[in-house]
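# Structural features, examined
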Amino acid sequence: MLHTYVPTWIFFLVEQEHGPLSLTITPCSAPVQWKLSLRHYPVADNRQEQDTLQNDIGNGDVAPTFSVLQATYFGQEQRTYTNLNSYAGLYMIEMDSHGNDTSVKIFFSSSSKDHFPHPLLPSNPRVGILKVRRNRVLITWMASPTESQHKQVVEYCVAANPRKNYKTQCEVDSDINGDIPPTPPPWAGFGFWWEKLARKKLLMRVREIQKSVVVQNDITYECIGRKTWHMFRGLREGTTYYFDVFAVNPANNASIAYLGARTATKIPKSGRIRDHSLTTVKLEGSSDFSSVSTYILRRSTSVLYFFIRPCTGPGPVKLKISMNRNILLNTRVMNIETLTIRNASSGTYMITVSSLIHEIRAVQLLVSRRYWKFPFPDLPRDKRVKIFDTLTTHDSVTLAWRASSDEKVRYCIYQSNDTSSLMPVFSCEPKPDREQNHKEVMCRRYNRYSTNRFHGLIMQKVKGLEPGKSYVFKVFVTKARGKTLPYEQVWVTTRKQ
């Protein structure tokens, strides 16, 4: 742990003359200045030189005098000093933090086996952006040459956030969990009085940091193994994100950062929906099978009506209505729905329609604040058409369906001999195509006093059918001076005799 503008010294003893030496220093959350110096071994029979060295190291108030400066650096990036033909002696690292207290990771080795503890960066260490969507970004990078050159396994960790690129993996961990330094074990050090004092100060500082630590929750961080690509999902639309990749040696958890990249997620094309105007939106792959529309409500109203109907493609669509980033409605629509928002306040409403199945689709939308201007009939939640088996004869069937809450509607029954038309067809055509052998059986109103209506259930007998033959029936309801909507179709076979 480094305190702001307070020098800290660390010593390493190298006994092998003209051997390899490697030093890697990784700052975690603030710029660090460090210097590496060397003092050669004293002569064995020179006791005065040995006493001077011991006194220099034993004094905790001032730094000992070292003669040869090996390396120096100031900044927040990870830096490695390597010397394959180093001198034996006592090495000293002098460090201090600039800006705020921070922790630092140090790796020092004089062994040839650990000469490459950190993975190597490829010739092109930049993170590439392959694909950008409204809430997804695909990134890629070149593999570390450590695997091919030194036969060491390299794994990768990735991070994304909306603020900055990270220079070290340690910095990401500091922002996620807080830059809390590890507490040294009781046996750490050599028992000097100044070590005990430093340990006491460090414990006090750790408690202060734990109380005031601010954890960043908008960082997406994940270790993904040995892949060299990753798809970030669930990102915010129209937001700039910074992407980082870290190559990690799983044997010692040493890491190195690639050169990060940044890009902004796309904003779906939005169209404006006008009051009482039927609008068709298309969900295509170029827009990630999603569409955003806006509706401006000038004055507050007690009820706001939203009509949605998928026209093409299988499966449900997702409808989300929000205002000022507050989600007012979030649901799935399979066929036809008329949804309402009570006590709707004036402002701009964002209407997002997305397909749960990635196929090109068309969806109809309509928004209205006046029900008497609403062009569509109010269909019940249960849109099924049922067949009474006990009332089915060789030449007639009895259909039943729930009535619309609107009394001023007209119902039409169509029949077809083509049973293949029973397959789900998502179409916004107002009525069946006559070229598909659809025959209009009858059209009539059923008021609440009709003999064919019982407690909101309409029953209608269809005659003139052939024995032992299959039919498909479709029921459509039309609002007075308005539009037509279908019930679900039904299939039935008449009795043979």
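Residues numbered from 1 in each chain as written. Predicted model: local features only at pLDDT ≥ 70, side-chain atom pairs only at ≥ 80, totals over all residues. Heavy atoms only, no water.

Where burial is concerned, the two faces of strand 33 (residues 490-493) differ: the one with Val-490 and Val-492 is buried and the one with Trp-491 and Thr-493 is not. Of the pairings in the sheet, the one linking strand 31 (residues 470-479) to strand 33 comprises four bridges and is antiparallel in character. Counted as the bridge partner of Tyr-471 is Val-492 from strand 33. (Buried < 20%, exposed > 50% of the residue type's maximum accessible area, 1.4 Å probe, protein only. Helix = DSSP H or I, 4+ residues; strand = E, 2+ residues; numbered from the N terminus. Pairing = 2+ DSSP bridges.)

For His-18, which is not glycine, the phi dihedral falls at a positive 55°. Among the structural elements, His-18 can be located in the loop between strand 1 (8-14) and strand 2 (19-27). Given a relative accessible area of 47%, His-18 falls into the partly exposed group. One non-glycine residue, Asn-343, adopts positive backbone phi at about 50°. Counting through the fold element by element, Asn-343 comes out in strand 22 (residues 337-344). Judged by relative accessible area, Asn-343 falls into the exposed class, the value being 65%.

Scored by pLDDT, the protein chain comes out at a mean of 82, with 82% of its residues at no less than 70. A low-confidence stretch, residues 43-64 stays under pLDDT 50, and its non-local contacts, those more than four residues away or across chains, total 23 contacts. (pLDDT = per-residue confidence, 0-100. Contact = heavy atoms within 4.5 Å.)

Disulfides are covalent bonds that link the sulfur atoms of two cysteine residues. If you walk through the whole model with that rule in mind, you get three disulfides. The side chain of Cys-28 participates in a disulfide bridge whose partner is Cys-170; the two sulfur atoms lie 1.5 Å from each other. Since a negative S-S torsion denotes a left-handed disulfide, the Cys-28-Cys-170 link at about 80° is right-handed. Here Cys-28 is found in the loop between strand 2 and strand 3 (32-39), whereas its partner Cys-170 is found in helix 3 (residues 169-177), with 142 residues between them in sequence. Accessibility classification places Cys-28 together with Cys-170 in one group, the buried group. Each disulfide pairs two cysteine sulfurs, and for Cys-412 the partner residue is Cys-443, the sulfurs being separated by 2.0 Å. Measuring handedness by torsion sign, the sulfur bridge of Cys-412 and Cys-443 sits at about 120° and is right-handed. Of this pair, Cys-412 sits in strand 27 (residues 409-416) while Cys-443 sits in strand 28 (residues 438-444), and the two are 31 residues apart along the sequence. When its relative accessible area of 1% is taken as the criterion, Cys-412 is described as buried. (Disulfide = S-S within 2.5 Å.)

A few words now on the packing of aromatic side chains. This structure, assessed with the given rule, holds 13 aromatic pairs. Measuring from ring centre to ring centre gives 4.0 Å for Phe-12 and Phe-108, while their planes differ by 10°; the resulting arrangement is stacked. Taken as a pair, Phe-12 in strand 1 and Phe-108 in strand 7 (residues 104-109) lie far apart in primary sequence, 96 residues in all. Note on Trp-401 and Tyr-446: the rings are 6.1 Å apart at their centroids and 85° apart in plane angle, and the pair reads as edge-to-face. Highlighted residues: Trp-401 in strand 26 (residues 397-402) and Tyr-446 in the loop between strand 28 and strand 29 (453-454), separated in sequence by 45 residues. Trp-401 gets classed as buried once you look at its relative accessible area, which sits at 1%. Of the aromatic side chains, those joined through ring pairs into one cluster are Phe-12, Tyr-91 and Phe-108. The ring of Trp-229 has Lys-227 lying over it, and the distance from NZ or CZ to the ring centre is 4.2 Å. (Phe/Tyr/Trp six-rings, centres within 6.5 Å; stacked < 30°, edge-to-face > 60°. Lys NZ or Arg CZ within 6 Å of the ring centre and 35° of its normal.)

So, on to the sheet that holds strand 19 (residues 301-310). Ordered by their spatial adjacency, four strands build an open sheet running 17-24-19-22, and the pairing between neighbours is antiparallel. Only two strands of the sheet have a single partner each, and these edge strands are strand 17 (279-283) and strand 22. For this sheet, the mean angle separating the axes of adjacent strands, direction not counted, is 25°. Bridge analysis of strand 19 against strand 24 (residues 361-368) gives six bridges, and the strand direction is antiparallel. Its bridge partner lying in strand 24, Pro-310 is registered against Val-363. (Axes fitted to C-alpha atoms, helices over the stretch in contact; angles between N-to-C directions.)

Bringing the pattern of salt bridges into the picture now. Counted according to the given criterion, the structure contains 14 salt bridges. Asp-218 is the partner of Arg-163 in a salt bridge, and the nearest nitrogen-oxygen pair spans 2.5 Å. With Arg-163 in the loop between strand 10 (155-161) and helix 3 and Asp-218 in the loop between helix 4 (193-212) and strand 11 (220-225), this residue pair connects regions lying 55 residues apart in the sequence. Looking at Arg-163, the relative accessible area reads 30%, which means it is partly exposed. The salt bridge involving Glu-171 is made with Lys-164; its shortest N-O contact spans 2.9 Å. A residue is classified by how much of its surface remains accessible, and Glu-171, at 4% relative accessible area, is buried. Residue classification places Lys-164 among the partly exposed positions, given a relative accessible area of 32%. (Salt bridge = Lys/Arg side-chain N within 4 Å of Asp/Glu carboxyl O.)

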